[in-house]
Amino acid sequence: MTRLASALRALAATAATLLAVTAAAPGAAGASVTGEGSRTARPVAPEEFVALPAVAPTIIHDMRYLTPHNFMGERVDGYDQPLCILTRPAAQALKRAQWKLLRQGYSLKVYDCYRPQRAVDHFVRWAEDLADETMKPEFYPRVDKSRLFTDGYIAEKSGHSRGSTVDLTIVKLPAKPTRPYVPGEKLVPCYAPQGERFRDNSVDMGTGYDCFDTLSHTDDPRVQGEQRANRQLLKSTLADVGFTNLPEEWWHFTHKPEVFPDTYFDFPVSWRSVAGH
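Small disclaimer: the values here were computed from a predicted structure and weren't measured.

(A) Broad picture of the overall build of the protein. Helix and strand counts for the protein come out as 6 helices and 9 strands. The buried share of the protein, reckoned over its 277 residues, is 52%. Long-range contacts, defined here as pairs at least 24 residues apart, represent 75% of the contacts in the protein between residues at least 6 apart. When the accessible area of the protein is evaluated, it comes to approximately 12400 Å², of which 54% is carbon and sulfur surface.

Below is the structure:
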């Protein structure tokens, strides 16, 4: 059996489970308020958006903002289901990158894709509450929370809301399950050695996802050896299919040209938002 065939077989169960869970999860009910105070039907995505599993079903999902394991410590507004939604060209490009990695015994894993504006607004409200530092020991131990806006970790607009930006990593196959995060557990700095910090099933990138620290800069010279090689594998693989990396975050990539370079969307993350696309 070839390495590619083995990789596909190893991912088949993961993909099937993902599709079953996301299809069965309940969507948000009720109408949304849009425009100048007018009450309208629940917003849905334009036809240019697709669910990533419909295009590249073997890519693993680990959608952190649907869970309390993120820098805020709570589920983020706008995330109804553990689903990656992207513009179609970005999703198709990830499919091509996935095929390249599968041949090498790896898989992509997405942490966040399209992000509703309401989620970004949630980030901003949290950042303005300087008293809430629940997750500081893991995600920003060396950054004063009062500097999150100044240092660029939090902003009022995000490229994710335009639909062509994705946060992701690489997983060695066969993929091991990620242990569940338990709210209230002891937190370890996101830049600690891999064996000490929270372990998901990704390769060692030198820091965890969403680590607010300069060690997260893709080409930080302090990151060497296997960690640097893993970052470069992710960066080069995605560059080959049209993605540009944000230098401050090894996990953050935008597909160019963007379908919606100037539009920030606010439909919820759910299968219902892209039904029929």
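(B) Geometry of the pattern of salt bridges. Under the criterion given, the structure shown has 17 salt bridges. Here Arg179 makes a salt bridge to Glu185, at a shortest N to O gap of 2.8 Å. A residue is classified by how much of its surface remains accessible, and Arg179, at 40% relative accessible area, is partly exposed. Residue Asp219 pairs with Lys235 through a salt bridge whose shortest N-O separation is 3.3 Å. Separated by 16 residues along the polypeptide, Asp219 in the loop between strand 7 (165-172) and helix 6 (225-239) and Lys235 in helix 6 bring together distant segments of the chain. Look at Asp219 and you get partly exposed, because its relative accessible area is 38%.

(C) Geometry of the environment of Pro53. Note on placement: Pro53 falls in helix 2 (residues 52-55). Judged by its relative accessible area of 6%, Pro53 falls in the buried class. A C-alpha to C-alpha distance of 8.8 Å links Pro53 and Ile85, two positions 32 residues apart in sequence.

(D) Structural context of the sheet that holds strand 8 (residues 243-245). Ordered in space as 4-6-7-9-8, the 5 strands form an open sheet in which the pairing is mixed. For this open sheet the edge positions go to strand 4 (60-61) and strand 8, each flanked by a neighbour on one side alone. Pairing of strand 4 with strand 6 (residues 106-112) involves 2 bridges; the strand directions are parallel. Residue pairing for strand 6: Ile60 is matched across the bridge by Lys109.

(E) Summary view of helix 4 (residues 117-128). Over its 12 residues, helix 4 extends 17 Å from the first C-alpha to the last, a length consistent with the 16 Å expected when each residue adds 1.5 Å. Every buried residue belonging to helix 4 is among Gln117, Ala119, Val120, His122, Phe123, Val124, Trp126 and Ala127, and all of these are buried.

(F) Examining the state of the cysteines more closely. Applying the stated criterion across every chain, the model contains 2 disulfides. Across the disulfide from Cys84 sits Cys113; the S-S distance is 2.0 Å. Taking the sign of the S-S torsion, -105 degrees for the link of Cys84 and Cys113, the bridge is left-handed. Here Cys113 lies in the loop between strand 6 and helix 4 and Cys84 lies in the loop between strand 4 and strand 5 (85-87), a separation of 29 residues in the sequence. The exposure class assigned to Cys84 is buried, which follows from its relative accessible area of 0%.

(G) Region of interest: the side chain of Asp204. Residue position: Asp204 is located in the loop between strand 7 and helix 6. A polar side-chain atom of Asp204 sits 3.1 Å from a polar atom in the side chain of Gln227. For Asp204, the contacting residues outside a window of four places in its chain are Gln194, Arg197, Glu226, Gln227 and Asn230.

(H) Highlighting the pairing of strand 6. Across the 7 residues of strand 6, 7 count as buried, placing the element largely inside the fold. Examined bridge by bridge, strand 6 and strand 7 share 6 bridges and lie antiparallel to one another. Residue pairing in the sheet places Val110 in a bridge with Leu168 of strand 7.

(I) Representation of the packing of helix 3 (residues 88-102) against helix 6 in the model. Closest axis-to-axis distance for the helix 3/helix 6 pair is 9 Å, and the angle between their directions is 130 degrees. Between helix 3 and helix 6, the interaxial angle falls into the category oblique. Relative to helix 6, the crossing made by helix 3 is right-handed. Of helix 6, the residues touching helix 3 (which contributes Leu94, Ala97, Lys100 and Leu101) are Leu233, Thr237 and Leu238. Of the residues that constitute the contact of helix 3 with helix 6, the class distribution is 5 nonpolar, 1 polar and 1 charged.

So, how was this worked out
- Residues numbered from 1 in each chain as written.
- Predicted model: local features only at pLDDT ≥ 70, side-chain atom pairs only at ≥ 80, totals over all residues.
- Heavy atoms only, no water.
- Helix = DSSP H or I, 4+ residues; strand = E, 2+ residues; numbered from the N terminus.
- Buried < 20%, exposed > 50% of the residue type's maximum accessible area, 1.4 Å probe, protein only.
- Contact = heavy atoms within 4.5 Å.
- Areas by Shrake-Rupley, 256 points an atom, 1.4 Å probe, with all protein chains shown as cover.
- Salt bridge = Lys/Arg side-chain N within 4 Å of Asp/Glu carboxyl O.
- Pairing = 2+ DSSP bridges.
- Expected span 1.5 Å × (residues − 1).
- Disulfide = S-S within 2.5 Å.
- Polar contact = N/O pair within 3.5 Å; in protein donor to acceptor, adjacent residues only side chain to side chain.
- Axes fitted to C-alpha atoms, helices over the stretch in contact; angles between N-to-C directions.
- Parallel < 35°, antiparallel > 145°, perpendicular 65-115°, else oblique.
- Left-handed = near helix turned anticlockwise from the far one by under 90°.
- Nonpolar A, V, L, I, M, F, W, Y, C, P; charged D, E, K, R; others polar.

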